[in-house]
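The primary structure of each chain is shown beneath.
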Amino acid sequence: MGKQQQHVDGADRDSGSGTTADRPTGGGADARLAVAHDPTTPQMTLIDLASDASVAVRKAVAARPDAPAQALRSLTRDHDRHVREAVARNPATSVGNLLRLVKDADRWVRWAVAGNPACDESVRRVMAAAPDKELRGLLAETRELEPELAARLVDDVSPEVRERLATHTHDPDAIVALLADRTVRVRKGLARNARTTAAQRSALARDPAVDVRAALVRALELNEEDLAALADDRSVQVRLAMATSEIIPAHVRRTLEGDPDDMVAAAARDFRPGAGSSPVVRAPRIGSRRSGTGPGRPGRATR
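Not measured: the values here are computed from a predicted model.

So, the overall build of the protein chain
Tallying secondary structure elements over the protein chain gives 19 helices and two strands in all. Here the protein chain, with 303 residues, has 48% of them falling under the buried criterion. Across the protein chain, contacts joining residues at least 24 apart in sequence account for 48% of those joining residues at least 6 apart. Carbon together with sulfur atoms contributes 51% to the accessible area of the protein chain, which is approximately 14,900 Å² in total.

Structural data, given as structure tokens:
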């Protein structure tokens, strides 16, 4: 790949690569970085810059959607994880290179593959068998997951993976199977899944776990029979969730204004639409992260 030295203080050495295809690649790192970002830079110059001494230059090449396959192939083996992660995110990266990167030693590189639009069934099969729980969790959130892989994740050893599948799956067979899951957090995931049927929501409305019923009234529209039963739920937590839910009909909230629990009654009376009193289920940011974050899942993890 060529020399890829970098000073400890962050200053890059000149590559001394001369000129390629009438585009200079020598000079300072800033000049070479400008060439790497220039949309008119010839393909042969980009190939040359893929072995530049500067990490920033190599990363710029790795992120280009028009990067030549020869450059991306070499950059999948780059010693810097940020460069490999850029390749993993690049929609121009071949399936063969994604199959290599999904097994990368660095978690952020593996997770970036999950969000790549070029990720196909062959890559997803590797993800489903990976020992990396987070990678399987990202797979579980895939919108158009193959039924065979969804069925495999239904039996995943990790409750977190099954919960994420329950929240996001479109597969009707997977939803049926997950309704019988013994873990509360998995059924709670289903209680936020808009692809459930009316009959399945009725079953969740009668779930023995308070957390499941509370999540349901915050997330999904229910029929009148289920609403009436939940408005009289034995759990204050469930009734309070209804009183502060954005999707509960007004007539049900008026019923809760007379709730025997003062906190529930006050919440129903004081409710204002759009006031942010009801939790919002947000779509996941697959394989994304912010720099300088602490330990944990994507957005909080470190190597």
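Topic: the nonpolar core
In terms of nonpolar packing, the biggest core is built from 75 residues, with Val-61, Met-127 and Met-242 touching the most fellow members. Considering each element in turn, this core owes the most residues, six residues, to helix α7 (residues 107–114). Those residues within four positions of Met-127 in sequence are excluded, and the remaining contacts are Val-102, Ala-114, Cys-119, Leu-135, Arg-136 and Leu-139.

Topic: the packing of aromatic side chains
A full pass over the atoms with the stated rule returns one aromatic pair. On the numbers, 4.8 Å between centres and 80° between planes, the contact of Trp-108 with Trp-111 is edge-to-face. A residue pair is termed a helical-turn pair when its members lie 3 or 4 positions apart in one helix, as Trp-108 and Trp-111 do in helix α7 at three residues. Taken as a pair, Trp-108 and Trp-111 share a single burial class, namely buried. The ring of Phe-271 has Arg-253 sitting right over it, with the charged end atom 3.7 Å from the ring centre.

Overview of the side chain of Gln-200
With respect to the helices and strands, Gln-200 occurs in helix α14 (residues 198–205). On the basis of relative accessibility, which here comes to 12%, the residue Gln-200 falls in the buried class. Discounting chain neighbours no more than four positions away, the residues touching Gln-200 are Ile-175, Val-176 and Leu-179.

Some points on the packing of helix α17 (residues 236–243) against helix α19 (residues 262–270)
What describes two packed helices is the angle between their axes and the distance between those same axes. For the pair α17 and α19, the least separation of the axes is 8 Å and the interaxial angle reads 10°. With respect to each other, α17 and α19 are oriented roughly parallel. Counting all contacts with α17, which are made through Val-236, Arg-239, Leu-240 and Ala-243, the residues of α19 involved are Met-263, Val-264, Ala-267 and Ala-268. Residue classes in the contact of α17 with α19 are distributed as seven nonpolar, no polar and one charged.

Describing the packing of helix α3 (residues 55–63) against helix α5 (residues 81–89)
It is at 8 Å that the axes of α3 and α5 come closest, and there the two elements cross at 10°. If you check the angle between α3 and α5, you find them roughly parallel. Facing α3, whose interface residues are Val-55, Arg-58, Lys-59, Ala-62 and Ala-63, α5 presents His-82, Val-83, Ala-86 and Val-87. Tallied by class, the residues present in the contact of α3 with α5 amount to six nonpolar, one polar and two charged.

Re the pattern of salt bridges
As a working rule, side chains carrying opposite charge can pair if their charged atoms are close by. Applying the stated criterion across every chain yields a total of 22 salt bridges. Across the salt bridge formed by Arg-64 and Asp-66, the nearest N and O atoms sit 2.8 Å from each other. A residue is classified by how much of its surface remains accessible, and Arg-64, at 8% relative accessible area, is buried. Among the residues examined, Asp-66 registers a relative accessible area of 34% and is labelled partly exposed.

So, helix α1 (residues 29–37)
Turning to α1, its buried residues number three or more, namely Ala-29, Arg-32, Val-35 and Ala-36. The buried residues of α1 occupy one face: seen down the axis, they fall within an arc of 120°. The outward face of α1, more than 90 degrees from its buried face, is lined by the exposed residues Asp-30 and His-37.

Side note on the confidence of the model for the protein chain
Across the protein chain, pLDDT averages 87, with 82% of residues at or above 70. Taken as a whole, residues 1–22 scores under 50 in pLDDT and shows 48 contacts with residues more than four places along the chain or in a different chain. Confidence drops under pLDDT 50 across residues 277–303; counting only partners more than four residues distant or on other chains, this segment forms 61 contacts.

As for the environment of Ala-174
Here Ala-174 shows up in helix α12 (residues 172–179). For Ala-174, a relative accessible area of 4% puts it in the buried group. For the pair Ala-174 and Leu-153, spaced 21 residues apart in sequence, the C-alpha separation works out to 8.8 Å. Residue contacts for Ala-174: discarding those within four places in its chain leaves Ala-150, Val-154 and Thr-169.

Rules and cut-offs
- Residues numbered from 1 in each chain as written.
- Predicted model: local features only at pLDDT ≥ 70, side-chain atom pairs only at ≥ 80, totals over all residues.
- Heavy atoms only, no water.
- Helix = DSSP H or I, 4+ residues; strand = E, 2+ residues; numbered from the N terminus.
- Buried < 20%, exposed > 50% of the residue type's maximum accessible area, 1.4 Å probe, protein only.
- Contact = heavy atoms within 4.5 Å.
- Areas by Shrake-Rupley, 256 points an atom, 1.4 Å probe, with all protein chains shown as cover.
- Core = buried A, V, L, I, M, F, W, Y, C linked by side-chain atoms within 4.5 Å.
- Phe/Tyr/Trp six-rings, centres within 6.5 Å; stacked < 30°, edge-to-face > 60°.
- Lys NZ or Arg CZ within 6 Å of the ring centre and 35° of its normal.
- Axes fitted to C-alpha atoms, helices over the stretch in contact; angles between N-to-C directions.
- Parallel < 35°, antiparallel > 145°, perpendicular 65-115°, else oblique.
- Nonpolar A, V, L, I, M, F, W, Y, C, P; charged D, E, K, R; others polar.
- Salt bridge = Lys/Arg side-chain N within 4 Å of Asp/Glu carboxyl O.
- Arc of directions from axis to C-beta.
- pLDDT = per-residue confidence, 0-100.

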